[in-house]
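Survey of secondary and tertiary structure
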Amino acid sequence: MKPNRPTVLIANRGEIAIRIARTCKLLGFPTVAVYSEADQSSEHVFMCDQAYCLGGILPKDSYLNISSILDIAKKSKAKLIHPGYGFLSERADFIEACQKANLIFIGPSAKCVALMGNKVAARMAMDQLKIARVPGSHGTLSGVKEAKLLAKEIGYPVLLKAKAGGGGKGMRQVESEKFLESSFEAASREAEKSFGDSDLYLEKLILSPHHVEVQVFGDGKGGGIHLGERECSIQRRHQKILEETPSPVLELFPKTREKLFEAALKIIKNIKYQSAGTLEFIVDEKGNFYFLEMNTRLQVEHPVTEWVTGVDLVEWQLLQAIGELQLPEIPPRTGHSIEVRLYAEDPESFLPAPGSIGFIEFASGPFVRVDSAFKSPTEVSMYYDPMIAKISVWGATREKALARLRVSLDEIRVEPLKNSQGHKIGSLKTNLFLLQKLVRNKKVLKGDTPTDLIAKEPELKQIFTKDVTLEAALAVSLYQLIEENVSLHEGTVNLATEIYWTKQSKTEGLRS
């Protein structure tokens, strides 16, 4: 540890803020936490040397408030800003604002973020580099008419996707021309609400693909290395719940693995990428791969890469930011690692189900890692992502890693807060039982894990009730507006909160 390291402001919350703070402490970087009014008692606040309130409860008033973050950086004398993931981590305007304020943004350049964050521009860049991408539109769609012509040409089913999208927002699967117009309008509206950009593009839907990504680290000068792949095919609502490395599907196609690494390195060297990033691809049943997108930040699932490489990716980011990192050769990978995400959500509908935790206990033991910001008693807020923890394990083989994960999940206890009569308070639910079933599923054990596994596997697919009331539909709609950071009157927010949680039983079966 060296003295007089510059101070790092961590522009995030929860488990990722804690994870970054730990490595800062190991290396001797003083830390600054920021928090919303809802997070003033959160664990990440106490992990840091200084802590400042950003503003109100909603993300737009706090973790997305660029001017407030920059003011705190000045007040705390921070020199570096680590964005974590989510919130401002992939905002080119935030990076530019940091530079204007003479702050070092820990991550790639604004130019790289702007290029790869624009899904259409990124696809066009792949065409120039002659890297295969999913067949579809070359640019944004001019309207429904163009979408119909292109869909007819490449064949149904197709996906409509937001140009500025991510996390499944502004995305619609279309099975036939009959549903294209209504799907186009719905995706466009959602994209406008979520990203302030209604532009869409269209892709051929590859049936039962595998989602495989390559972890990269660039030097910003046209050089870089990869740290292997991760398979993140097991998903719900287009969001990952289990990630692992090595990828089971690439064990069947070793030549595809090497070509993926070559493609990933070609991309980051061409755009002069700096820091940690991830190139995402889909792999079909024949071993063909297609570029999907690039995430220009640290990924949620980075622990599995750290397990098999022995590399602390945040350490590399920090040292690179102050000019003390010399990128090594591609590190060897050993064993197998798997991560699952424990969420406060209804496992039958996948709707968020936050609330008060009365007691929580995580697994421990050799080669088990838990990334979480929750201790008991505590509250899972409805205003932020409902992830409670990431549980990752390492094993010498995939079979041993799965066995360790099964034991670890069976040790976890998450109990809702109860009153003096022992009755549950609030609406907290978790997906723990689903995760426990998942790591015992025969197809998962075999490594046969396409992206539609949960939807198709009888013991995993969820049962959706048709008995949905108008109040329930209204509750979910209002909740989604809060999730999307739409500015609402305080009374409307309170109404949405009250309706949503008191009508929770009626919302089962609604997809968000």
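None of these values were measured; they are calculated from a predicted model. (Residues numbered from 1 in each chain as written. Predicted model: local features only at pLDDT ≥ 70, side-chain atom pairs only at ≥ 80, totals over all residues. Heavy atoms only, no water.)

1. Some details on the side chain of aspartate 312
Heads up, the condition is: By the criteria applied, helices consist of DSSP H or I runs no shorter than four residues and strands consist of E runs no shorter than two, each listed in order from the N terminus. Using a 1.4 Å probe on the protein chains alone, a residue whose accessible area is under 20% of its type maximum counts as buried, one over 50% counts as exposed, and one in between counts as partly exposed. Should any heavy atoms of two residues lie within 4.5 Å, those residues are counted as being in contact.
By the element assignment, aspartate 312 lies in the loop between helix 11 (302-309) and helix 12 (313-321). Accessibility expressed as a relative area gives 19% for aspartate 312, which makes it buried. The residues contacting aspartate 312, other than those within four sequence positions of it, are Arg19, Thr23 and Glu306.

2. Overview of the sheet that holds strand 8 (residues 200-204)
The condition is simple: Two strands qualify as a pair provided that DSSP identifies no fewer than 2 bridges between them. Fitted lines through C-alpha atoms give the axes, limited to the stretch in contact for helices. The angle between two N-to-C directions lies from 0 to 180 degrees.
Read across the sheet, 3 strands follow the order 7-6-8 without closing on themselves; strand pairing throughout is antiparallel. The sheet is open, and its two borders are formed by strand 7 (172-174) and strand 8, each paired with just one other strand. Across the sheet, the mean angle from the axis of one strand to that of its neighbour is 25 degrees, orientation sign disregarded.

3. Observations regarding the side chain of arginine 297
Convention followed: Polar contacts, as used here, are pairs of N or O atoms within 3.5 Å; protein pairs need one atom able to donate a hydrogen and one able to accept it. Residues neighboring in sequence count only if both atoms are side-chain atoms.
Note that arginine 297 resides in the loop between strand 13 (289-295) and helix 11. For arginine 297, the side chain forms a polar contact with the side chain of glutamate 90, separated by 2.9 Å. A polar contact is formed between the side chain of arginine 297 and the side chain of glutamine 299, at a distance of 2.8 Å. In contact with arginine 297, other than residues within four places in its own chain, are Gly84, Tyr85, Gly86, Ser89, Glu90, Tyr273, Ala276 and Gly277.

4. A short note on the packing of aromatic side chains
As a reminder of what qualifies: Pairing of aromatic rings covers Phe, Tyr and Trp, the last through its six-membered ring, and needs centres within 6.5 Å; plane angles under 30 degrees mean stacked, over 60 mean edge-to-face, and all others mean tilted. Note on geometry: a ring has a charge over it if NZ (lysine) or CZ (arginine) is within 6 Å of the ring centre and within 35 degrees of the ring normal.
Applying the stated criterion across every chain, the model contains 7 aromatic pairs. Taken together, a centroid distance of 5.8 Å and an interplanar angle of 80 degrees make the contact between tyrosine 63 and tyrosine 384 edge-to-face. Within this pair, whereas tyrosine 63 is found in the loop between strand 3 (50-55) and helix 3 (66-76), its partner tyrosine 384 is found in the loop between strand 17 (378-379) and strand 18 (387-395), the two being separated by 321 residues in sequence. Each member of the pair tyrosine 63 and tyrosine 384 is classed as buried. Taken together, a centroid distance of 6.1 Å and an interplanar angle of 80 degrees make the contact between phenylalanine 281 and phenylalanine 291 edge-to-face. In this pair, phenylalanine 281 sits in strand 12 (residues 274-283) while phenylalanine 291 sits in strand 13, placing the two residues 10 residues apart along the sequence. The buried category is assigned to phenylalanine 291, whose relative accessible area is 1%. Here the aromatic residues Tyr63, Phe87 and Tyr384 are joined through ring pairs into a cluster of three or more. Over the ring of tyrosine 343 we find arginine 236, and its NZ or CZ is 4.4 Å from the ring centre.

5. Remarks on the packing of helix 4 (residues 92-100) against helix 5 (residues 110-117)
As a reminder, the rule being used: Angular relationships are summarised with four words: roughly parallel below 35 degrees, roughly antiparallel beyond 145, roughly perpendicular across 65 to 115, and oblique for the angles in between. For this classification, the nonpolar set comprises Ala, Val, Leu, Ile, Met, Phe, Trp, Tyr, Cys and Pro, the charged set comprises Asp, Glu, Lys and Arg, and every other residue, Gly included, is treated as polar.
Close contact between helix 4 and helix 5 brings their axes to 8 Å; oriented N to C, the two are set at 175 degrees. For the element pair helix 4 / helix 5, the angle class is roughly antiparallel. Along the contact surface, helix 4 presents Ala92, Ile95 and Glu96, while helix 5 presents Ala110, Val113 and Ala114. For the contact of helix 4 with helix 5, the residue count by class is 5 nonpolar, no polar and 1 charged.

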